[in-house]
Amino acid sequence: MSKVILVETSPFLDQKPGTSGLRKQVTVFQQENYLENFVQSVFDCLKELKGSTLVVGGDGRYYNREAIQIIISMAAANGVEKLLIGQAGILSTPAVSHLIRKYKALGGIILSASHNPGGKDGDFGIKYNASNGGPAPESLTDKVFANSKSISQYKTTNNDAIDLEQLSHSSVLGMQIEVIDSVADYADLMESLFDFGKIRDLMAKPEFGICFDAMSAVTGPYATEILGNRLGVSANNIIRAVPLEDFGGGHPDPNLAHAKELVERMFANNAPAFGAASDGDGDRNMILGANCYVTPSDSLAILAANAHLIPAYKDGLTGVARSMPTSQAVDRVAERLNLTSYETPTGWKFFGNLLDANKITLCGEESFGTGSDHVREKDGLWAVLFWLNILAVKQQSIKEIVSEHWKEYGRNFYTRHDFEGVETEDADKVFTHLESLLEKSAGKKYAGRTISIADNFTYHDPIDASVSTNQGIRFLFEDGARIIFRKSGTGTSGATIRLYIEHFESNAAKFEDETQEVLRDLLEAAEEIGQVKALTGKVIADVIT
Ligand code: VG1
Ligand code: CO
């Protein structure tokens, strides 16, 4: 018989959740009691835990199954009434968000480090989502962190491991456990939002080619069911569709650098009309056309401008939002549609209140994240289907849609340069230096432009009045150009500095110019201002998107 067991433990002092949950190397999570301490800290902060339902699943990376078994025993011992677990431990981040909402669960636990590499030597992560389906707000993650610093015991039980591979019902200490189909509910939701009939007709056209890259991560089974079974895409056009514990050794990060085969197919002579990829946990998307790449910031703007073509959004949008570093392209669309465009800090948790209050319908980030009020997470396959639905209605190529968009709204040239693996002290030097410039920067000239505002972005949540400070250093120019510096909150070793550059162009003759060339003078100004290369010794950026 299983019984509740109290285990003595001592705190780890590094369990502060970052931009999206707690992410560490697998070996850190494998330390005795490490995961248990964090899970108990989450449970300790949930007042209504006893008698509740929780959703549990992950992106299939190494340690996913072990972690789920630990969570099962601890949830049972802590008085949870029911767990809904994805088959084989698999649930994408947007699918968890949907399941929480659909089954009115108290919340969910997502096991993922998203786009970070996996495997024994890779990263693992854990994140709690609340009853609205969205990432826990800062008020809760702060409490969890405080709890983790003083924890002295956790509750578990000595049950036999639960078979996660088959759909099943079982129970531990009276807690019901249901292993559910990972895909079905989510696929039904997608079918309710988009015109699957029209998309199916488009897919059936011999001249319309498509390639979806699941990057050996969680979207494989989702794409196989939705794109394959329901929309008729053939299996050889859904590549890397089987989730692997180490993602085949690659970074499950959908960008031009990491989705190599897809990019080769899309920039070949006989390229398909549409290409896309998603990340480790299925919340990011990259969209490509034949010989053409759509930046995430442009994608958000184009989705907003065309939302009326989609069944779920045909009655219009209530408003839109973007994270602060995301380009201002969507603001131009909002202005035209007479909508408010909210500017939030980086991280999906800041969109939750706006979505719940019905202030916005669409939102997105420059980091390949787009979503809507259908769930409370960004959603990779949703963005893919949105694009396919637009293509099915407009019967144009992606290149044509993007070009027309620029003609109508102008083009926000945009790039992000990531400096990875920087020594923490060197990164601190950069930000201390940047802070010291803020007061005296307004009015200064760089690259022929004048700085109008220089600040460290603070967000005042319009719904709950919470204040989030220190969200990125901004240099805003009079002509709308921006230079932004941020420290990443998802890395697991050293520091990553992100530099975001934007310039608005209204002259159509320049729309096809090369982005890095167009932004060269601003990039040089950014080095003059931030001294990133000088202070860190990193001469070139590791990733440019
Ligand atoms: C990055 C992105 C951010 C995104 C976050 C989580 O955070 O910049 O926009 O919300 O990852 O995405 P940071 O702090 O490293 O810049 V995911 O798909 O990794 O959950
Ligand atoms: Co992700």
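What counts and how
Residues numbered from 1 in each chain as written. Chains lettered and ligands numbered in written order. Predicted model: local features only at pLDDT ≥ 70, side-chain atom pairs only at ≥ 80, totals over all residues. Heavy atoms only, no water. UniProt positions renumbered as here; feature names shortened; annotations may be inferred. Helix = DSSP H or I, 4+ residues; strand = E, 2+ residues; numbered from the N terminus. Rg over C-alpha atoms; globule rule 2.2 N^0.38 Å. Buried < 20%, exposed > 50% of the residue type's maximum accessible area, 1.4 Å probe, protein only. Contact = heavy atoms within 4.5 Å. Areas by Shrake-Rupley, 256 points an atom, 1.4 Å probe, with all protein chains shown as cover. Lys, Arg positive; Asp, Glu negative; His and termini not counted. Charge placed at Lys NZ, Arg CZ, Asp CG, Glu CD. Near = heavy atom within 4 Å. Polar contact = N/O pair within 3.5 Å; in protein donor to acceptor, adjacent residues only side chain to side chain. Nonpolar A, V, L, I, M, F, W, Y, C, P; charged D, E, K, R; others polar. Axes fitted to C-alpha atoms, helices over the stretch in contact; angles between N-to-C directions. Parallel < 35°, antiparallel > 145°, perpendicular 65-115°, else oblique. Left-handed = near helix turned anticlockwise from the far one by under 90°. Pairing = 2+ DSSP bridges. Phe/Tyr/Trp six-rings, centres within 6.5 Å; stacked < 30°, edge-to-face > 60°. Lys NZ or Arg CZ within 6 Å of the ring centre and 35° of its normal. Donors = N, O, S within 2.8 Å, 3.2 Å for Na, K, Ca; no water. Salt bridge = Lys/Arg side-chain N within 4 Å of Asp/Glu carboxyl O.

Looking at an unreviewed UniProt entry, the chain carries the name phosphoglucomutase (alpha-D-glucose-1,6-bisphosphate-dependent), with the source organism given as Leucothrix arctica. Quoted verbatim from the Sequence similarities (unreviewed entry) heading of the UniProt record, the comment on the chain is "Belongs to the phosphohexose mutase family." As stated in UniProt under Catalytic activity (unreviewed entry), the record for the chain gives "alpha-D-glucose 1-phosphate = alpha-D-glucose 6-phosphate".

K.L.:
Go over the overall build of the chain, please, and point to the residues and values.
P.N.:
Helix and strand content of the chain: 18 helices and 27 strands. Against the compact-globule benchmark of 24 Å for 545 residues, the chain has a radius of gyration of 23 Å, which places it among compact chains. In terms of principal-axis extent, the alpha carbons of the chain reach across some 75 × 60 × 40 Å. Counting over 545 residues, the chain shows a buried share of 60%. Long-range contacts, defined as pairs at least 24 residues apart, comprise 73% of the intrachain contacts of the chain with a sequence gap of at least 6. As presented, the chain carries roughly 20800 Å² of accessible surface, and 48% of it is formed by carbon and sulfur atoms. Positive and negative charge centroids in the chain, built from 52 and 72 side chains respectively, lie 3 Å apart.

K.L.:
Residue-level account of the site of ligand 1, with values.
P.N.:
The environment of ligand 1 is made up of 19 residues, and the closest members are Thr19, Ser114, Ser367, Thr490 and Arg498. Measuring from an oxygen atom of ligand 1, one finds a side-chain N or O atom of Lys378 at 2.8 Å. Considering only residue class, the shell around ligand 1 consists of no nonpolar, 10 polar and nine charged.

K.L.:
Hey, could you go over the packing of helix 8 (residues 219-230) against helix 13 (residues 380-394) for me, with residue numbers and the actual values?
P.N.:
It is at 11 Å that the axes of helix 8 and helix 13 come closest, and there the two elements cross at 30°. Viewed along their axes, helix 8 and helix 13 adopt a mutual orientation that is roughly parallel. Where helix 8 crosses over helix 13, the handedness of that crossing is right-handed. Packed against helix 8, whose contacting residues are Thr219, Tyr222, Ala223, Ile226 and Leu227, the element helix 13 presents Leu381, Leu385 and Leu388 at the interface. Along the lines of polarity and charge, the residues of the contact of helix 8 with helix 13 split into seven nonpolar, one polar and no charged.

K.L.:
Please give an account of the sheet that holds strand 18 (residues 369-372) that cites residues and values.
P.N.:
Read across the sheet, four strands follow the order 16-15-17-18 without closing on themselves; strand pairing throughout is mixed. In the strand order of this sheet, the two ends are held by strand 16 (341-344) and strand 18, each with one partner. The sheet shows a mean angle of 15° between the axes of neighbouring strands, taken without regard to direction. Packed on one face of the sheet, helix 10 (residues 296-306) meets strand 15 (320-323), strand 17 (362-365) and strand 18 and runs near 170° to strand 17. Its contacts with the sheet put helix 11 (residues 329-337) on strand 15 and strand 16, and the angle it makes with strand 15 is roughly 165°.

K.L.:
Explain the UniProt feature "domain: Alpha-D-phosphohexomutase alpha/beta/alpha" (unreviewed entry) in the chain to me, and be specific about the residues and the numbers.
P.N.:
Taking the UniProt record as the reference, the feature "domain: Alpha-D-phosphohexomutase alpha/beta/alpha" (unreviewed entry) is found at residues 15-154, 185-288 and 297-409. Secondary structure content for residues 15-154 is 36% helix and 24% strand, and the end C-alpha separation is 15 Å. Segment residues 185-288 splits into 36% helix and 14% strand. End C-alpha atoms: 27 Å apart.

K.L.:
An account of the packing of aromatic side chains is requested, with residue identities and associated values reported.
P.N.:
Using the criterion set out here, one finds 13 aromatic pairs in the structure. Ring geometry for Tyr313 against Trp382: centres 6.4 Å apart, planes inclined by 90°, an arrangement best described as edge-to-face. With Tyr313 in the loop between helix 10 and strand 15 and Trp382 in helix 13, the pair connects residues that are 69 residues apart, well separated along the chain. As far as burial versus exposure is concerned, Tyr313 and Trp382 are alike and both buried. Taken together, the ring pairs in this structure connect Phe12, Phe29, Tyr34, Tyr63 and Phe124 into an aromatic cluster. When the ring centre of Phe504 is taken as origin, the NZ or CZ atom of Arg332, which lies over that ring, is 3.3 Å away.

K.L.:
Which residues make up the environment of Glu191, and what values go with them?
P.N.:
By the element assignment, Glu191 lies in helix 6 (residues 184-193). Here the alpha-carbon distance between Glu191 and Arg230, two residues 39 residues apart in the chain, equals 8.9 Å. When residues no more than four places from it in sequence are discounted, the contact partners of Glu191 are Phe196, Arg200 and Arg230.

K.L.:
So what's going on with the coordination of the cobalt ion (ligand 2)? Which residues, and what values?
P.N.:
Octahedral six-donor coordination of a metal ideally yields angles of 90 or 180 degrees, compared with 109.5 degrees for tetrahedral four-donor coordination. Around the cobalt ion (ligand 2), the protein supplies Ser114 (OG), Asp279 (OD), Asp281 (OD) and Asp283 (OD) as donor atoms, at distances of 2.0 to 2.1 Å. If you list the donors of the cobalt ion (ligand 2) from N- to C-terminus, the spacing comes out as S-x164-D-x1-D-x1-D. In this structure, Asp279 and Asp283 share a single accessibility class: buried.

K.L.:
Explain the pairing of strand 21 (residues 449-456) to me, and be specific about the residues and the numbers.
P.N.:
Here strand 20 (residues 445-446) pairs with strand 21 via two bridges, running antiparallel. Note on strand 21: the bridge partner recorded for Tyr446 is Arg449. Hairpin remark: strand 20 followed by strand 21, antiparallel, with two residues in the connecting loop; positive phi at Ala447, about 45°. Looking at chain direction, strand 21 and strand 24 (residues 473-477) are connected through five bridges and run antiparallel.

K.L.:
Explain the sheet that holds strand 4 (residues 82-90) residue by residue, including any values.
P.N.:
Strand order in the open sheet formed by seven strands is 2-6-5-3-4-9-8, and the pairing between neighbours is mixed. The outermost strands of the open sheet, each flanked by one partner alone, are strand 2 (22-25) and strand 8 (168-172). The average undirected angle you get between the axes of adjacent strands in this sheet is 20°. Examined bridge by bridge, strand 5 (residues 107-111) and strand 6 (residues 123-129) share four bridges and lie antiparallel to one another. When the bridges of strand 6 are listed, Ile109 appears paired with Tyr128. Against the sheet, helix 2 (residues 34-44) engages strand 2, strand 3 (53-58), strand 5 and strand 6, with an angle of about 10° to strand 6.

K.L.:
So what about the pattern of salt bridges? Which residues, and what values?
P.N.:
Throughout the structure, instances matching the rule amount to 35 salt bridges. Residues Arg376 and Asp356 are paired through a salt bridge, measuring 2.6 Å at the closest nitrogen-oxygen approach. With Arg376 in the loop between strand 18 and helix 13 and Asp356 in helix 12 (residues 352-356), this pair connects stretches of sequence that are 20 residues apart. A salt bridge links Asp428 to Lys487, with the nearest nitrogen and oxygen atoms 2.8 Å apart. Separated by 59 residues along the polypeptide, Asp428 in helix 15 (residues 424-441) and Lys487 in strand 25 (residues 482-487) bring together distant segments of the chain. A residue is classified by how much of its surface remains accessible, and Asp428, at 34% relative accessible area, is partly exposed. Among the charged side chains, a salt-bridge network with shared partners connects Arg322, Asp331, Glu343, Asp455, Arg474, Arg482 and Glu502.

K.L.:
So, unusual backbone geometry: which residues are in play, and what are the values?
P.N.:
Phi at Lys104 takes a positive value of approximately 50°, unusual for a residue other than glycine. Take Lys104: it is sitting in the loop between helix 4 (93-102) and strand 5. Classification of Lys104 by relative accessible area gives exposed; the value is 73%. Of note in this structure, Ser114 is not a glycine but carries a positive phi near 55°. With respect to the helices and strands, Ser114 occurs in the loop between strand 5 and strand 6. We classify Ser114 as buried; its relative accessible area is 2%.

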